[in-house]
Amino acid sequence: MTMSPTSILIIAHAPLAHALRECALHVFADCGDSVAALDVQPNQPPEESLAQARILLEQLGTDSTLVLTDVFGATPCNVAQRLVDGVHSRLVTGANLPMLLRAVSYRAEPLDSVVSRAVVGG
């Protein structure tokens, strides 16, 4: 049985998540199905953001997901922490474009490897 590639979910302050996704699509035009983005809007209740994140995670439909978020301790990170289970999904904070591009380019590797490569790339 072959595992599906690691998917990537970006949860960040608006408009950063979608901007990062668009940059990834510019470099890797084929990554659209494996990279999703959730822009957390100002004054949006965390429960609403979490519900949206769960929908996106389900839509990605892979065995493993790397969740990237921008600022540790901020609302997008808090939402991501509630979403991630530590087994099928992992969380990395401090998301930036080099980190995302590394993760996308190695998304065929196992989740732990994608996490390591993302951290090194950032």
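Scroll up a little and you will see the structure.
In what follows, the accompanying structure is described. (Residues numbered from 1 in each chain as written. Predicted model: local features only at pLDDT ≥ 70, side-chain atom pairs only at ≥ 80, totals over all residues. Heavy atoms only, no water.)

1. Quick look at helix α4 (residues 97–105)
Here is step 1: Every buried residue of α4 is listed here: Met99, Leu100, Ala103 and Val104. Viewed along the axis of α4, the buried residues span an arc of 130 degrees, placing them on a single side of the element.
Here is step 2: Buried residues along α4 sit in contact with β1 (7–13), α1 (16–27), β2 (35–40), β3 (65–69), β4 (89–93) and α5 (111–121).
Here is step 3: Measuring from the side-chain oxygen of the N-cap residue of α4 to the backbone nitrogen of Met99 gives 2.9 Å; that N-cap residue is Asn96. (Buried < 20%, exposed > 50% of the residue type's maximum accessible area, 1.4 Å probe, protein only. Helix = DSSP H or I, 4+ residues; strand = E, 2+ residues; numbered from the N terminus. Arc of directions from axis to C-beta. Contact = heavy atoms within 4.5 Å. Polar contact = N/O pair within 3.5 Å; in protein donor to acceptor, adjacent residues only side chain to side chain.)

2. Let's talk about the packing of aromatic side chains
Here is step 1: This structure, assessed with the given rule, holds 0 aromatic pairs.
Here is step 2: Over the face of the ring belonging to Tyr106 we find Arg117, whose NZ or CZ atom lies 3.8 Å from the ring centre. (Phe/Tyr/Trp six-rings, centres within 6.5 Å; stacked < 30°, edge-to-face > 60°. Lys NZ or Arg CZ within 6 Å of the ring centre and 35° of its normal.)

3. Some details on the side chain of Ser34
Here is step 1: You can see Ser34 is positioned in the loop between α1 and β2.
Here is step 2: Here the side chain of Ser34 touches Arg107 through a polar contact of 3.0 Å, side chain to side chain.
Here is step 3: Not counting chain neighbours up to four residues away, the residues in contact with Ser34 comprise Thr6, Ser7, Ile8, Leu60 and Arg107.

4. A closer look at the environment of Leu100
Here is step 1: The residue Leu100 is located in helix α4 in this model.
Here is step 2: Once the C-alpha coordinates of Leu100 and Asp112 are considered, the two residues, 12 residues apart in sequence, prove to be 15 Å apart.
Here is step 3: If near-sequence neighbours (up to four positions away) are discounted, Leu100 is found in contact with Ile8, Ile10, Leu20, Arg21, Ala24 and Leu68.

5. So, unusual backbone geometry
Here is step 1: With an omega of 0 degrees, the peptide bond between Ala14 and Pro15 qualifies as cis.
Here is step 2: Tracing the backbone shows Pro15 in the loop between β1 and α1.
Here is step 3: The phi angle at Asn43 is positive, at roughly 65 degrees, despite the residue not being glycine.
Here is step 4: With respect to the helices and strands, the residue Asn43 is situated in the loop between β2 and α2 (46–60).

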